[in-house]
Amino acid sequence: MIPELGHFALVLALFVSLALAVLPIVGAARNDAAWMALARPATQALFGAIAVAFFCLMASFVNNDFSVVNVATNSNSELPLPYRIAATWGSHEGSMLLWVFMLSGWACAVSLLSKRLPLPMVARVLGVMGFVSVGFLLFILLTSNPFQRLLPPAPDGRDLNPLLQDPGMVIHPPMLYMGYVGFAVAFAFAVAALLSGRFDAAWARWSRPWTTAAWVFLTIGIALGSWWAYYELGWGGWWFWDPVENASFMPWLAGTALIHSLAVAEKRGAFKAWTVLLAIAAFSLSLLGTFLVRSGVLTSVHAFATDPTRGSFILIFLAIVIGGSLALFGWRASQVGFAGRFDKLSRESLLLANNVLLVAACGAVMLGTLYPLALDAFGLGKLSVGAPYFEAVFVPLMAPVVLLMGVGPLARWKQATVAELAGRLKWPALASVVAALALPLAAGRFSPMVALGLLLAAWVFTTSLVLVLQRARPSFAQLRRQPRSFWGMVVAHVGVGLFIVGVTMVRGYETERDVKMGVGDSVPVGGYRFTFRGVQEVQGPNYVAGRGTLDVQSEGGGAVFQMFPEKRMYKVQGMPMTEAAIRSGLTRDLYVSLGEMLPDGTWTVRVYHKPFVDWIWGGAFIMAFGGLLALSDRRYRVAVKAVELPPPLAAEPPTAGKRPQQQPAAT
Amino acid sequence: MKGRARFFVPLAAFVALAALLAVGLTLKPREVPSPFIGKPAPAFTRPQLKTGQPDFDPAQMKGQVWVLNVWASWCAPCREEHPILVAAARQPGAVPIVGLNYKDEGRAAEDWLRRLGDPYQAVAVDRDGRVGIDYGVYGVPETFVIDRDGIVRLKHIGPLTAEDWTREVVPLLNKLKG
Amino acid sequence: MTRLLRHWLLILLAGVASTWLVTQAAAADAPDVAADPALEARVNALTAELRCLVCQNQSIADSHADLAVDLKNQVREQLKSGRSEREIIDYMTQRYGDFVLYRPPFKATTLLLWLGPALLLLIGGWLYWRSLKGSQAVASAAPVQGADAALAERLLGEEGDEPARRR
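To start, this report covers the structure provided alongside it. As the structure is a computational prediction, the values presented were derived from the model and not from experiment. (Residues numbered from 1 in each chain as written. Chains lettered and ligands numbered in written order. Predicted model: local features only at pLDDT ≥ 70, side-chain atom pairs only at ≥ 80, totals over all residues.)

All names here are of chain A. Spatially, β1-β10-β9-β8 is the arrangement adopted by the four strands of the open sheet, whose pairing is antiparallel. The sheet terminates laterally at β1 (511-517) and β8 (581-584), the two strands that pair on one side only. Taken pair by pair, the neighbouring strands of this sheet meet at an average axis angle of 15°, ignoring direction. Pairing of strand β9 (residues 588-597) with strand β10 (residues 603-611), which is carried by eight bridges, proceeds in the antiparallel orientation. When the bridges of β10 are listed, Asp 589 appears paired with Lys 610. (Pairing = 2+ DSSP bridges. Helix = DSSP H or I, 4+ residues; strand = E, 2+ residues; numbered from the N terminus. Axes fitted to C-alpha atoms, helices over the stretch in contact; angles between N-to-C directions.)

With that out of the way, let us pick up the nonpolar core. One recurring pattern in soluble globular proteins: nonpolar side chains tend to sit buried together. In this structure, Leu103(A), Ala184(A), Ala186(A), Phe189(A) and Val276(A) are the most contacted members of the largest nonpolar core, which totals 285 residues. Those residues within four positions of Val276(A) in sequence are excluded, and the remaining contacts are Ala190(A), Ala193(A), Leu194(A), Phe329(A), Ala333(A) and Val336(A). (Core = buried A, V, L, I, M, F, W, Y, C linked by C-beta atoms within 7 Å. Buried ≥ 20, exposed ≤ 12 C-beta atoms within 10 Å, placed from the backbone. Contact = placed C-beta atoms within 7 Å.)

Turning our attention to the pairing of strand β3 (residues 528-539) of chain A. Residue and element names in this part refer to chain A. Pairing of strand β2 (residues 522-525) with β3, which is carried by four bridges, proceeds in the antiparallel orientation. The residue of β3 that forms the bridge with Val 525 is Tyr 528. Where β3 lies against strand β4 (residues 543-554), ten bridges are found, and the strand directions are antiparallel. Bridge assignment links Gln 539 to a residue of β4, and that residue is Val 544. Count of turn residues in the β3/β4 antiparallel hairpin: three residues.

Residues and elements named next belong to chain B. Spatial ordering of the open sheet is given by β3-β2-β1-β4-β5, a layout of five strands whose pairing is mixed. Edge positions in the open sheet fall to β3 (122-126) and β5 (152-157), since each of these has one partner strand only. On average, each strand axis in the sheet is inclined to that of its neighbour by 20°, with strand direction left out of account.

Looking now at the interface of chain A and chain C. Counting residues at the interface gives 67 residues for chain A and 58 residues for chain C. Looking at the side of chain A that touches chain C, the elements with two or more residues in it are α13 (347-377), α14 (387-407), α17 (484-509), β1, β2, β3 and β4 of chain A. Top element by residues in the side of chain A that touches chain C is α13(A). It accounts for eleven residues.

For the rest of this paragraph, the subject is helix α8 (residues 167-196) of chain A. Residue and element names in this part refer to chain A. Along its 30 residues, α8 runs 45 Å from first to last C-alpha, staying within 8% of the 44 Å computed at 1.5 Å per residue. Of all 30 residues in α8, 24 are buried; the element is thus mostly enclosed. Once α8 finishes, Gly 197 follows within two positions and takes phi at roughly 80°, a positive value. (Expected span 1.5 Å × (residues − 1).)

What follows is about the pairing of β10(A). Residues and elements named next belong to chain A. Buried residues dominate β10, accounting for eight of its nine residues. Alignment of β1 against β10, held across seven bridges, turns out to be antiparallel. Looking at the pairing, Met 517 lines up with Trp 603 of β10. Hairpin geometry of β9 and β10 is characterised by an intervening segment of five residues between the two adjacent antiparallel strands and by a positive phi of about 90° at Gly 601.

And the structure:
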């Protein structure tokens, strides 16, 4: 019954989304208020229907309904409840349902939080999101139905892939998808603007918080995925430049360029055409990612079971959505108009340079990811492009971005002078060079890569400090007057600096010992002594494990504790898994991985000392927190009173923005 | 680029990308083509599976067109393709098929052949997989066609179906035989 | 599956029993698994750049697949016998083609790959200069006076930006 209800809800959702995709947009073109007014209720009904479907699938998992194919292939009666819930999105079909659930959720949020937007704009934005939903719902119903029945029902399920039975994997996909799907809002705003031909600053103002929110989720989603790989895969790697990882990184790079571009579009009215294009690009890259993971076109550890028919469907969908929006862009972009003048050296020009670099970096990642495919398609042979390529190419592109990160916020809008900037930057520059030279030597070993990393990080920290101090004039009380968007920027940039510290220190100073241990044997690593105490058998809910015990003592005296790495065997799938033991600290992680038992009864054990590794994800989460701060800025929370304008200015009626429009400079 | 045309550049770029992806759907990204096509088959000397036989060396096959089939008793797809080879070996004027027993155990391999039929003129035993590596083998089964001068002409990856044999291998064998 | 499970349990049991036996021997500083850690470091560095052909996208260093282990052993042997990294890479590409390398070689077919990012940067730079040329600050108009100036400063300064410079 429940699966059928879910299926029915999806079909209902399809019809609602068809109505949503067509009527409000036609209504906006014809200025038909009744049709435009359909947008909000249709969106909410769409969300309701998809929510019903989503929770029906979840209920099937929770109730162990093995008459549903999806449940039988991805769950098991001994699977703990939280993982049964997470199994809802653990498969291709379930994750597509999650996608469309979140898409309708974002659309619903837009419908509820857009009271001050003019109706035609709301109608178009929601209509575009409805259009995207149509595509996904058709895809689900025609090729990836999660509610397919299995008759007679299986006695028990095949269990969730043990790699996914982990808290990190439970929240990583939802966060990631919230990010991917969130860019659909920016996309919808961009397409709506192209449809209407109006690109006043209101459009940028309205897009900005939604885009920032999507970016925050995507940042968290990627960080969680990386962290998960680190603690789950057993050897401490955290980024592999795998095609699917790249597929999530490209929208992030485009999204970062987008939020900076929107800042300029909103404040200065410049870059509008670029911003629209970036908004289309960010969501297009999300869709491209969906295609790459599910079509079998690229080989990846993350790929779902591939199916070229599904691939074809998604590709056609991509062609319609992306091709259509880019065609619209080609047709209408000349009407966007060019506003805002700025000097060769100004905050605008620095932000533009920043965006060029980010887009080039995104392009480089795309080039590396798709090059093997291109070569094969042209019959020129088979190639692999892996981490060595990406690292060689990415760092030179991103280093200037980090340098600009320090200069940009200190530059004035419209016109900045070299003298002024140089004056403000000389102390940070000096401090950064000193840090780059001195710190590696203090840590024990100098290396150019470490020096570069520390230079960039120190640059970020010192320029942020200069920025804050500058706003603290004439007194520190001035800082309280700074809006949250300012603090969001500072915090997010500091997050980047912390991330760079983490990557640099771990790469430069990580130590590892791969040893054979008998009971009582010990090994010194990173200032700690690890003593092996043997392996015991341990029963888990759906696995059996050998749990090792190591006594760890810090060599300076001080800390004494134990670590318990495990080697698990999951009963249903017969899959062995390594559960590394990790002892996290502010300045280092100790990481112990149990290998295998040798014929003489000793065990191979890998012990790592990873300095500052948690700063990688800590930095990313702080970046996201900065985004949240920016989102909670007063102007998004408080209705601003209309300003008393002198007569000449008052002749221009206030539009839907929360305060009177800045006049864009006449073109 | 003049005027409005430049705004269509992103669309043009996307169309190219979509075309590439469409072609990509027809490709097999995990298949590794052999760099040996047109190059001499690597030399080796290995004992045969059947005791009492002399060691096998590809040089012994010079002057003939022949097929090298890499297989193992633990390999399920090998079982699927085996009947094709057995049938092909029985044909009049059939080309010699030599087996390379890859990382297998002698007893198990002999049992396997006894049960499923033996199409092989000779079976060389590659216990540690070194010969396989020398031939660029990365999975089983794989099949090579080698010409009279010892040059590799074809590498088929995965089990041979009857269709593969008649469409791909036989015409090549006929061509090479002259 | 149950057979495998039983097998696994027996191994564990044997492990537990024999680790107890081993405790009777003198405890010591654990020796490295690798006979020669320095060599092993070179092996790991090299195999990290080689692709495991039977895996879904892993290096030979990371993979436990049979072929990966075989190839890793080959690399170790060859390094030990004095071959250089370059020679071993050639050995691998002779047998498996360029596909086995995670660092694509620089040749005619990869020219666009290696030079692409620089090309993208050049194109981006060109577009950047074009945008800048079209947006030079206009010569300053008549300066804003009095109450208008105060209003302008308030509006422009409100978002935490610096107050606009007066011209």
